[in-house]
Amino acid sequence: MKVLAALLLLSVALCFTTSASALPRSSKQDPRGILENIENAFEYPPPPPPHWQKTGGYVARGNPCPNSWTRFNNYCYLVSTTSTYSWSQAQAHCRSLSADLVKINSVEENEFVLSLVRKLAPSLKQIWIGLKWNTNGFYWIDLSVPVYKNWAPQHPNGNANEPCVQMWINNGQHLPKYASGYWNDIDCHYRSDFPNGIVCKKLP
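Residues numbered from 1 in each chain as written. Predicted model: local features only at pLDDT ≥ 70, side-chain atom pairs only at ≥ 80, totals over all residues. Heavy atoms only, no water.

- Identification of the chain as C-type lectin domain-containing protein from Pocillopora damicornis is taken from an unreviewed UniProt entry.

Have a look at this one:
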């Protein structure tokens, strides 16, 4: 009888051990299993995408800009000191770089472009921007209607007679002190008294 009782106890012990080993680890260790269930119940945010950059106090993401270009709010900008181009030649120059003359959509972007040109090309007095008269009004190079405008006082005043637009950068002798950053409509040809630099803009 003692032998039978011992064999019975051994069989029960073996069954219990086999059943326990078949259970997942989290079931054998209740505290850890509870924690795992709690962790799995939450969705953690993914890591930030690559190439996050901080430029001029603004955070931008996506692919980095090419060398010599400056990033602002998900776009890349290039300042050229070439000032012997007409508006059309300036746009052709930007197109050769897979870009367009700068399109300005906000006061923040206008201030950024102004500061960028002053920093990288302090000798420039004005730059071409991608705004141009088209039949019945001024439109951007992509034919969109301006959502932001920064015309100088009493401008535009030429319309079809002055169909292209420049931004005044520095306070030259021929410009009033309030003019920096304002837009002026002007004819589209190169003029030695108003030589325009270039700012190109594109996506990364």
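Next, the rest of the story.
1. Here's the deal with the overall build of the chain
Next, step 1: A tally of regular secondary structure across the chain gives five helices and ten strands.
Next, step 2: In the chain, which comprises 204 residues, the share counted as buried stands at 36%.
Next, step 3: Carbon together with sulfur atoms contributes 57% to the accessible area of the chain, which is approximately 12600 Å² in total. (Helix = DSSP H or I, 4+ residues; strand = E, 2+ residues; numbered from the N terminus. Buried < 20%, exposed > 50% of the residue type's maximum accessible area, 1.4 Å probe, protein only. Areas by Shrake-Rupley, 256 points an atom, 1.4 Å probe, with all protein chains shown as cover.)

2. Some details on the pairing of strand E9 (residues 183-186)
Next, step 1: Because side chains alternate across E9, one face comprises the buried residues Trp183 and Asp185, and the other comprises Asn184 and Ile186, equally buried.
Next, step 2: Two elements, strand E8 (residues 164-168) and E9, share four bridges in a ladder whose sense is antiparallel. Across the sheet, residue Met167 finds its bridge partner in E9, namely Trp183. (Pairing = 2+ DSSP bridges.)

3. Quick word on helix H4 (residues 87-95)
Next, step 1: Among the residues of H4, Trp87, Ala90, Gln91 and Cys94 are the ones counted as buried. Projection of H4 onto a plane perpendicular to its axis shows the buried side chains occupying an angular sector of 100 degrees, all on one side. (Arc of directions from axis to C-beta.)

4. Digging into the confidence of the model for the chain
Close reading of the predicted structure is inappropriate where its pLDDT is low.
Next, step 1: Averaged over all residues, the pLDDT of the chain is 78; the fraction at 70 or higher stands at 65%.
Next, step 2: Of all helices and strands in the chain, the one with the weakest mean pLDDT is strand E1 (residues 53-55) (37), whereas strand E5 (residues 100-101) scores best (98).
Next, step 3: Below pLDDT 50 for its whole length, residues 12-27 participates in four contacts with residues either more than four positions away or in separate chains.
Next, step 4: Across residues 38-60, where pLDDT falls below 50, the model places 27 contacts with residues more than four positions away in sequence or in other chains. (pLDDT = per-residue confidence, 0-100. Contact = heavy atoms within 4.5 Å.)

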